[in-house]
Amino acid sequence: METNKAYEEIISSLDPCAPAPEDEPFRQYYFIARARKSLAEVEAKLGRKLTFHVATFGCQMNARDSEKLRGILEEIGYVPVDTEEADLVLYNTCTVRENANTKVYGRLGGLHSWKKKNPHMMIGLCGCMMQEEHVVKTIREKYRFVNLIFGTHNIYKLAELMSRALDHPDEMVVDIQQKTDLMVEQLPVDRTYKFKSGVNIMYGCNNFCSYCIVPYVRGREKSREPLDILREIEQLVADGVIEVMLLGQNVNSYGKTLENPVSFAELLESVAQIDGLRRVRFMTSHPKDLSDELIAVMAKYPDKICPHLHLPLQSGSSRLLKHMNRRYTKESYLELVDKIRAAMPDISLTTDIIVGYPGETEEDFQETLEVVEKVRYDSAFTFIYSKRSGTPAAKMDDQVPEDVVKDRFNRLLLLVQNIGREQTARFEGQVKEVLVEHINEQDPGLVTGRMDNNSVVHFPGDASLIGQIVKVKLDKCHGFYYLGTQA
Ligand code: 5AD
Ligand code: SF4
């Protein structure tokens, strides 16, 4: 990959037998060189190249982290493969809901069988789930075959940890930090798409919503310097990227704690002015912090800033919202939506909703349905409340019975799907720009891409269109996607 060429020159000039430098990211360049040497020895013994696979669980943040992990592993010399029957398998885990943890434990069983047949195989675990003490304890006790464990604060250290794990294949290397002020960037990255990329603008979360484990596993909010972000995007554009997604748990509080505070709206405007960049998106907005200034900037750059806001509602009941520590009410949320729509009538709104939060009554749930009906989301992620140990909500004893939650969940799903279908279809017959992402998985005669509002479009085309923005007539909406033809 183009952007990694610069790293390559530095890394190959380093002496892996010299003492390790202290400064980052140079320390990691050194360990890439060192791990490369150790890997070459294993390759010589086996008489072939070694392969790796990174499996990603969870959100966009993890997806971006996995691109960084893959970049480092490729720089060390591992060859990427699409299967878990690889020489190194790394799980980048999520722990936002209990079923994410269950999935990881289940899949580890499968990996163990593969490792028994291939004793040189290495297994690594990282990400949010590893920041929980009880998880690391369980793995140390019951999953002794795991080689490497690290958390969310030291992803950048993968080369150093891999170097240790390669030199000590019979030990379990564990490195979990509870916090860090360090943000190490400028490391190799393997982007999933050549033409679009996530860009971290901040890490962590300070909101402590009562049900959510994220602030405990991702730590306090830290914003990157705006100039570093802009430079990274300029480099991405030079490398062929035309769409970026600015990533943060709560992008609307970006920049508040910087030495020279900058607002998210100011950052977004600077990004929108970068030549060669065609689209900018962002995730996630907390309704309590969404400023008038941001709405004004979005409205000012309609062709460049994507007309889409993901605005997690969680619940429509002001009583529950207060309990959840969301710091907005049903009324203030609806007023915000009105303000957004007044400035951008065509904007697509999407959301996250939790059903079955402790103490949720039928009346509370009815208020959630009411907000869904009023806002008319293009789509909504609906979740059944999952108790996360260590969060304030986990201590509440009025948990909603499972059958009641399931019933409410199904009613909510039906409503969001019906409205989502109608909302998505509102552009039927129009010509819209679509960024083509890949060949359609079901029909190789079609390509699949996204409109600026994030709706999916399939239309006849071939691989030469991938990475291009194409004008497409939206012939027919089929629920949550369009079938179209090139205009
Ligand atoms: N249970 C269910 N859903 C949750 N989310 C966060 N924590 C929980 C939990 N304990 C949902 C929220 C958030 C999304 C990323 O995950 O809706 O916006
Ligand atoms: Fe979790 Fe709330 Fe932070 Fe989102 S804003 S990551 S829901 S604590």
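Since the model is a prediction, treat every value here as computed from it, not as a measurement.

**Quick look at the sheet that holds strand β6 (residues 173-175)**
The strand order across the open sheet built from six strands is β2-β1-β3-β4-β5-β6, with neighbouring strands paired in parallel fashion. The open sheet is flanked by β2 (79-80) and β6, the only strands paired with a single partner. Where strand β3 (residues 88-93) lies against strand β4 (residues 122-127), six bridges are found, and the strand directions are parallel. Each residue of the ladder has a partner; that of V89, found in β4, is I123. Running at roughly 175° to β3, helix α4 (residues 98-117) makes contact with β1 (51-56), β3 and β4 of the sheet.

**Concerning the UniProt feature "binding site: [4Fe-4S] cluster 1" (unreviewed entry) in the chain**
Taking the numbering used here, the UniProt-annotated feature "binding site: [4Fe-4S] cluster 1" (unreviewed entry) corresponds to C59, C94 and C128. For the residues just named, distributed over 70 residues, the greatest C-alpha separation is only 10.7 Å, placing them together at one site. The topology assignment puts C59 in the loop between β1 and α3 (60-76). With respect to the element layout, C128 can be found in the loop between β4 and α5 (133-142).

**A word on the site of ligand 1**
Taken together, V96, R97, Y211, Q314, D352, I354, F383, I384, Y385, S386 and R388 are the residues near ligand 1. Between ligand 1 and R97, the relevant distance is 2.9 Å, taken from an oxygen atom to a side-chain nitrogen or oxygen of the residue. A distance of 2.6 Å separates an oxygen atom of ligand 1 from a polar side-chain atom of Q314. Looking at the shell around ligand 1, the elements with two or more residues in it are β13 (348-355) and β14 (379-384). Across the shell around ligand 1, the residue classes tally to six nonpolar, two polar and three charged.

**A short note on the domain arrangement of the chain**
What the domain assignment reports for the chain is domain 1 (1-175), domain 2 (196-426) and domain 3 (430-486). The centre of domain 1, based on its C-alpha atoms, is set 31 Å off from the matching centre of domain 2. Listed per partner, the contact involves 21 residues of domain 1 and 25 residues of domain 2. For the pair domain 1 and domain 2, the summed buried area comes to about 1,800 Å², and 51% of that belongs to carbon and sulfur atoms. Among the residues domain 1 hides against domain 2, the three largest losses belong to M61, R64 and R97. Together they make up 35% of the total. On inspection of domain 1 and its partner domain 2, the count reaches 12 residue pairs in polar contact (both at pLDDT 80 or more).

How each quantity is defined
Residues numbered from 1 in each chain as written. Chains lettered and ligands numbered in written order. Predicted model: local features only at pLDDT ≥ 70, side-chain atom pairs only at ≥ 80, totals over all residues. Heavy atoms only, no water. Pairing = 2+ DSSP bridges. Helix = DSSP H or I, 4+ residues; strand = E, 2+ residues; numbered from the N terminus. Contact = heavy atoms within 4.5 Å. Axes fitted to C-alpha atoms, helices over the stretch in contact; angles between N-to-C directions. UniProt positions renumbered as here; feature names shortened; annotations may be inferred. Near = heavy atom within 4 Å. Polar contact = N/O pair within 3.5 Å; in protein donor to acceptor, adjacent residues only side chain to side chain. Nonpolar A, V, L, I, M, F, W, Y, C, P; charged D, E, K, R; others polar. Domains from an automatic or database assignment. Buried area = accessible area lost by both parts, 1.4 Å probe.

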